[in-house]
Amino acid sequence: MPWSQPATVLRLIGLLMSSEFVRTGLLVSYLPLVAPQLGLTPAAVGLIFGLHYLADALAKGPVGVLSERYGLGRVLLLGALLGLGTLLLVHRSPGETGPGVMLLALVSVAWGLCYAALWPGVMAAAQHFARPGMTTRALAVASVSVAPAIALGLLGVGQLMQRRAELAFPLLLGAQLLALLLALSLLRLWLPQTTRPDAGT
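Model, not experiment: these values are computed from the prediction.

Asker: How do you make sense of the pattern of salt bridges when you look at a structure like this?
Answerer: Close approach of charged atoms allows side chains of opposite charge to pair. Using the criterion set out here, one finds four salt bridges in the structure. Between Glu 20 and Arg 23 there is a salt bridge, and its shortest N-O distance comes to 3.2 Å. One end of the pair, Glu 20, and the other, Arg 23, are both in helix H1 (residues 6-38), three residues apart, so they sit about a helical turn from each other. Across the pair, exposure class does not vary: Glu 20 and Arg 23 are buried alike. Its salt-bridge partner being Asp 56, residue Arg 23 comes within 2.8 Å of it at the nearest N-O pair. Linking Arg 23 in helix H1 with Asp 56 in helix H2 (residues 42-58), this pair joins segments that are 33 residues apart in sequence. Note on accessibility: Arg 23 and Asp 56 belong to one class, buried. Through salt bridges with shared partners, one network takes in Glu 20, Arg 23, Asp 56 and Lys 60.

Asker: Looking at this structure, how should I read the packing of helix H4 (residues 72-89) against helix H9 (residues 168-185)?
Answerer: Any two packed helices are characterised by how steeply their axes cross, that is the angle between the axes, and by the distance between the axes. Viewed as axis vectors pointing N to C, H4 and H9 meet at an angle of 165°, and their least axial separation amounts to 9 Å. Between H4 and H9, the interaxial angle falls into the category roughly antiparallel. Regarding H4 and H9, the two cross each other, and that crossing is left-handed. Across the interface between the two elements, Gly 73, Leu 76, Leu 77, Ala 80, Leu 81, Gly 83, Leu 84, Leu 87 and Leu 88 of H4 pack against Phe 169, Leu 172, Leu 173, Gln 176, Leu 177, Ala 179, Leu 180, Ala 183 and Leu 184 of H9. Here the contact of H4 with H9 is built from residues that sort into 15 nonpolar, three polar and no charged.

Asker: Before we go on, may I ask you to explain the environment of Leu 113 in this structure?
Answerer: Inspection of the secondary structure assignment puts Leu 113 in helix H5 (residues 101-115). Linking Leu 113 and Leu 155, residues 42 residues apart in sequence, is a C-alpha distance of 25 Å. The residues contacting Leu 113, other than those within four sequence positions of it, are Ala 55, Ala 59 and Val 63.

Asker: Help me understand the side chain of Ser 108 in this model?
Answerer: Counting through the fold element by element, Ser 108 comes out in helix H5. Of the residues examined, Ser 108 reaches a relative accessible area of 0% and is grouped as buried. Leave out the neighbours within four places in its chain, and Ser 108 touches Ile 48, His 52 and Thr 86.

Asker: Hey, could you run me through the packing of aromatic side chains in this one?
Answerer: Two aromatic rings are characterised by how far apart their centres lie and by the angle between their planes. Evaluated as defined, the whole model comprises three aromatic pairs. Where Phe 49 meets Tyr 53, the ring centres are 4.7 Å apart and the plane angle is 40°; that geometry is what we call tilted. Of the two residues, Phe 49 and Tyr 53 are both situated in helix H2; the distance of four residues between them amounts to about one turn of the helix. A residue is classified by how much of its surface remains accessible, and Phe 49, at 33% relative accessible area, is partly exposed. Given a relative accessible area of 25%, Tyr 53 falls into the partly exposed group. Look at Trp 111 and Tyr 115: their rings are 6.2 Å apart centre to centre, the planes differ by 80°, and that puts the pair in the edge-to-face class. A residue pair is termed a helical-turn pair when its members lie 3 or 4 positions apart in one helix, as Trp 111 and Tyr 115 do in helix H5 at four residues.

So, how was this worked out
- Residues numbered from 1 in each chain as written.
- Predicted model: local features only at pLDDT ≥ 70, side-chain atom pairs only at ≥ 80, totals over all residues.
- Heavy atoms only, no water.
- Salt bridge = Lys/Arg side-chain N within 4 Å of Asp/Glu carboxyl O.
- Helix = DSSP H or I, 4+ residues; strand = E, 2+ residues; numbered from the N terminus.
- Buried < 20%, exposed > 50% of the residue type's maximum accessible area, 1.4 Å probe, protein only.
- Axes fitted to C-alpha atoms, helices over the stretch in contact; angles between N-to-C directions.
- Parallel < 35°, antiparallel > 145°, perpendicular 65-115°, else oblique.
- Left-handed = near helix turned anticlockwise from the far one by under 90°.
- Contact = heavy atoms within 4.5 Å.
- Nonpolar A, V, L, I, M, F, W, Y, C, P; charged D, E, K, R; others polar.
- Phe/Tyr/Trp six-rings, centres within 6.5 Å; stacked < 30°, edge-to-face > 60°.

Written out as structure tokens, the structure reads:
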């Protein structure tokens with residue numbers, strides 16, 4: 001392992017993998033196909049998708065400051081909870097009224113704001129805990145390991161929605177619950193720049 005505290009970094013990578021799987025699977029593959037039963041137009045789906053990723057992109061700086069002040073683990077946990085909330089909002093049984101585009105948009109933006117801490121946090125931890133002379137390898141492993149999860153969210157969930165649509169939501173829910181458990185296990189984690197006695201636990 002290229003890290004001095006592999007358990008911490010592996011949990012972060014696992015959190016990133018499960019979160020990316022859910023985010024890609026939900027927003028790219030699942031939501032567009034269930035939109036009609038939620039009363040959402042393609043434009044509304046595009047709005048929810050776009051606002052989430054825009055919030056993620058624009059919030060990386062400000063959220064980094066919040067992570068240093070309140071702890072990375074707390075921000076990651078909030079992001080996992082908001083991801084779960086978004087997932088539950090888009091799951092409706094036949095005949096149930098959808099949550100509405102404004103509520104979905106607001107929740108997806110809040111999710112994106114907290115999600116902005118995930119990638120930088122994982123990369124910062126991978127670098128901080130890298131063994132001497134192994135920083136490049138540590139960062140490469142952390143970055144490349146997420147690609148399969150993104151591909152599975154995009155292609156796997158899409159194929160599942162076409163063949164066994166009833167299994168897609170339980171799969172996404174299970175992955176998001178795993179992300180929530182991993183985030184809970186990292187609750188006391190602070191960014192490497194912050195001096196805390198319990199950092200890395």
